[in-house]
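The lines below spell out each chain.
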Amino acid sequence: MNIAANNGVWSGSWVAERLGVELVGDDGLTALLGLALRRNPRRAHLLVSNVLGKHVPQSPSVVYGHGFALGRRVRDLLGEREARQAVVLGYAETATGLGHSVADGIGLAPYLHSTRRPVAGVTPAGGFEESHSHATSHLLLPEDPALLSGEGPLVLVDDEFSTGNTVLNTIRDLHTRYPRKRYVVVALVDMRSSADAGRLTDFAREIDARVDLVAAASGTVKLPEGVLEKGQELVARYEERAATGASSSAGASGLVAQFPAPLPGVALGADYQSPYPGARGTARSAPTGPHPDDNRTNHRSHLTRVALHWPHGLPDGGRHGFTPAHRRRLEAALPLMAARVAEALPPGARRVLTLGFEELMYTPLRIARELEALVAAEVRYSTTTRSPVLAVDDPGYAIRSRLVFPAHDNPADGPGERYAYNVAGAGFDAVVLFVDSAGDTPELHAPGGLLDRLGAHAPHVLLAAVPSYVPALPEESPAMLPEPLRGPAFSSYPAEDVGWLLQDLSDVTLEAPTEEREEAIQSGGAHYAESLPVEYQPSEQYQALFHAALETSAARIAQAVGVVTETVMAERSPRPVLVSLARAGTPVGVLMRRWAQFRYGVDLPHYAVSIVRGRGIDANALRWLAAHHDPRDVVFVDGWTGKGAITRELADAVAEFETRTGVSGFDPEIAVLADPGSCVRTYGTREDFLIPSACLNSTVSGLISRTVLRADLVGPDDFHGAKYYRELAGADVSVAFLDAVAARFAEVTEAVDAAVKELAVADRTPTWEGWAAVERISEEYGIHDVNLVKPGVGETTRVLLRRVPWKILARAGAGADLDHVRLLAEQRGVPVEEVGELPYTCVGLIHPKYTRGATGADGRAVNV
């Protein structure tokens, strides 16, 4: 094997010698890659690309040329027709520029890269996890929702293809949403082990699609036994040495004094430059406190801002999609932008670094490549990064120095350290820093910020800011909605259990006497969601019934929770976004979230939204969800079905929302704990049994009221409202209910697995038998309004707690499940009529055409 060397030294030799790591493969492999170390529980070594333009400053022509050449190979592989139908997808942050360059090489394909920066108002088209990374969550945020939905090939670009997990997980996720027949995986290096080599073929067979791999070089890393522990010990030792100042004797500005010597042009071209020379072999990190040379001339006085005159409306990269038309606009503007940078450079500059900013790789690369042709100086290109890597100042190590500085773009995951490698002490006369406008913040300019750090290592720093491209929201889109309400400020649930997409109306008097509400509702004078019933305060006897019911039914509920959660994760989404219908669905949503934690260790997002019969679901809540999650991952959750009115209401509301907004992907099928009405396909059980959370109101639902929708309180751009009954905290059993059910999870696991297997092959087509029964009862009892017939234990309980009940129909022989119903009926003077043929355990009848005192002698409806 040829060893690319500087004075005979390969930039991976330091790691190889100490850990026994060996790079085996194509002749040009070691010219492409060096090695470094990082603190990582899965892999101690890091492959450092010499041609990616991330960690190692490199000629921009070399960086761009490698990506472009890979794109040409993909175009030859696909042919002209399929190349025109292709879409290129790159990975944040490392491969965003490489993916762009591959798309340029194909020449006909639009480009999108994943991002770790959520953008308000842009609906995610998917996302995935990168398990081995330091920052794992990726979002896909195309401006055009149809970008990923075509049938042409999808070209996925990453810097290296090692285990293949990230790429295969991405394909699997996208294939379920946007199936296609062909995928092409592109990488600078294919470093799969022999154990991983066959997975691509097996995977292609599994999804019934063709999957090709294109790489500039291939090989593998041979690791001796115990390498992980040895690498971790080595990292810890050198980090401790850096922290105690053992590496600071030369002064932070004197890390490297020489120019890098040229390496043989193995597969790289004659202008390839190696990592920096030197011979100390000490851990190297630029200090994060006051610089030891701060008494010298303040380099920040040499900061120059360069006005690029960026074309209006042109995306700064592929975060939201970059089309061939965008590419043509950029290429037309590149010469003038590069000329402005060249004019701002100091006279006589010999070495210039163009430094990109995390995901902003492509724009600085293209300008740097133009600059390289304009100036006599040696131009190099690299970018800042989130990735923490150990720096060791040795010619056989790929990361010779690092600058540490705070994040300066208000990242969604909070503040943290960022890094620039092989910049400190590299002898650059000028550094041109490119940021997008989201990164041009006070933190960038503050003492200790990136500009300050760069100023300590280069006499001239130039700053070029590119406008951050944000897709225009539709004109009718209102202003941004607030973040969800969470406990303990709103509800007694812990903050992580649920986010309420509601507005707090706790200070508004909304309660009215039950009889007064009923008369107003039935007379048409008011809608039931415009006021609230007075919260029922249970007697000691009723509370005892609740606790007894919870004790006897907790295992049955736990099993139903497990069954519905497992079904959702198997059939709807492996990482669903649970959206419960407030408020009866909310305890179920929290329990489903707890099951996922218990069984798989995953934290599923969970929100509660309002849906109102006759008014639909809260469209602003849907808009918020679409802006923060992929609608295809959203699973609506409720406690139970009765006759299926809410099921139909939700389907109609989602269809109307899609028509009005153009946002698609929400599946209106509800997942419920119990489906006695046979209205849905996703359920935990179809038995009509007592769910203890139906026995109470707010005191088992986080102390939150029913939702409210009233024009004088809820504007067109507001969430629906609700109240938080803080004063009922002494009677609150919300968390106790959850804990009692979750405590039974372990004992029902086997039963859950058996039930899920049975459901997977069962015919679960809704029969809507509940609706048919309700219509029959409505006519038989002279009600002629299905809205006044409330089937099932849960709905009957609601009638007794907050409506004016007329009578209760109970299935003959119903046992303890109806003890609380009988008690409530006795307290309110409501007759309980046993019925032989009843598809539900019980049915509650609201007094028809209610006026206070209206009752017929025969107990049937009075015509008034």
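For clarity, every value in this text was computed on a predicted model and none was experimentally measured.

Asker: Account for the environment of Gly562, with residues named and values stated.
Answerer: Take Gly562: it is sitting in helix H14 (residues 540-571). Residue classification places Gly562 among the buried positions, given a relative accessible area of 0%. As a C-alpha pair, Gly562 and Arg599 span 37 residues in sequence and 9.1 Å in three-dimensional space. Once you skip the residues sitting within four places of it in the chain, Gly562 turns out to touch Trp595 and Val752.

Asker: Got a sec to walk through the sheet that holds strand S19 (residues 460-466)? Specific residues and values, please.
Answerer: Reading across the sheet, the five strands line up as S12-S19-S18-S13-S14 and stay open at both edges, with parallel pairing between neighbours. The open sheet has two edge strands with one neighbour each: strand S12 (303-306) and strand S14 (378-383). Here the average twist between neighbouring strands, direction ignored, is 20°. When S12 meets S19, the two strands line up parallel, connected through four bridges. Residue pairing in the sheet places Thr304 in a bridge with Leu462 of S19. Taken strand by strand, helix H10 (residues 362-374) contacts strand S13 (351-356), S14, strand S18 (430-436) and S19, and its axis lies near 175° from that of S14.

Asker: Kindly report on the packing of H14 against helix H15 (residues 585-600), identifying the contributing residues and their values.
Answerer: Where H14 contacts H15, the two axes come as close as 9 Å, and the packing angle between them is 75°. Compared by their axis directions, H14 and H15 come out roughly perpendicular. The residues of H15 that touch H14, namely those facing Ala558, Val561, Gly562, Val564, Thr565, Glu566, Val568 and Met569, are Leu591, Met592, Trp595, Ala596, Arg599 and Tyr600.

Asker: Explain the pattern of salt bridges residue by residue, including any values.
Answerer: Where charged atoms from two side chains of opposite charge approach closely, those side chains can pair. In this structure the tally under the stated criterion is 47 salt bridges. Between Arg18 and Glu17 there is a salt bridge, with its nearest N and O atoms 3.9 Å apart. Classification of Glu17 as exposed rests on a relative accessible area of 63%. The closest approach of N and O atoms between Glu331 and Arg366, which form a salt bridge, is 3.5 Å. Remark: Arg366 occurs in helix H10 and Glu331 occurs in helix H9 (residues 324-344); sequence separation between them is 35 residues. By relative accessible area, which is 35% here, Glu331 ends up partly exposed. A relative accessible area of 4% means that Arg366 is categorised as buried. The network of salt bridges with shared partners includes Asp173, Arg177, Asp630, Arg632 and Asp633.

Asker: Before we move on, could you go through the side chain of Asp618 and cite the residues and values that matter?
Answerer: By secondary structure assignment, the location of Asp618 is in the loop between strand S26 (616-617) and helix H16 (619-628). With no salt bridge to any partner, buried Asp618 finds its closest opposite charge in Arg623, at an N-O distance of 8.1 Å. Looking at Asp618, its side chain comes within polar contact range of the main-chain nitrogen of Asn620, at 3.0 Å. Apart from residues lying up to four places away in sequence, Asp618 is in contact with Leu501, Ser610, Asp718, Phe719 and His720.

Asker: For H14, give the residues involved together with the corresponding values.
Answerer: Between its first and last C-alpha atoms H14 spans 43 Å; for 32 residues at 1.5 Å apiece the expected length is 46 Å, and the two agree. Where H14 bends most, the angle comes to about 55°, and this point is Ser553.

Here is what the cut-offs are and how they apply
- Residues numbered from 1 in each chain as written.
- Predicted model: local features only at pLDDT ≥ 70, side-chain atom pairs only at ≥ 80, totals over all residues.
- Heavy atoms only, no water.
- Helix = DSSP H or I, 4+ residues; strand = E, 2+ residues; numbered from the N terminus.
- Buried < 20%, exposed > 50% of the residue type's maximum accessible area, 1.4 Å probe, protein only.
- Contact = heavy atoms within 4.5 Å.
- Pairing = 2+ DSSP bridges.
- Axes fitted to C-alpha atoms, helices over the stretch in contact; angles between N-to-C directions.
- Parallel < 35°, antiparallel > 145°, perpendicular 65-115°, else oblique.
- Salt bridge = Lys/Arg side-chain N within 4 Å of Asp/Glu carboxyl O.
- Lys, Arg positive; Asp, Glu negative; His and termini not counted.
- Polar contact = N/O pair within 3.5 Å; in protein donor to acceptor, adjacent residues only side chain to side chain.
- Expected span 1.5 Å × (residues − 1).
- Bend = angle between axes of the 7 residues up to and from the residue.

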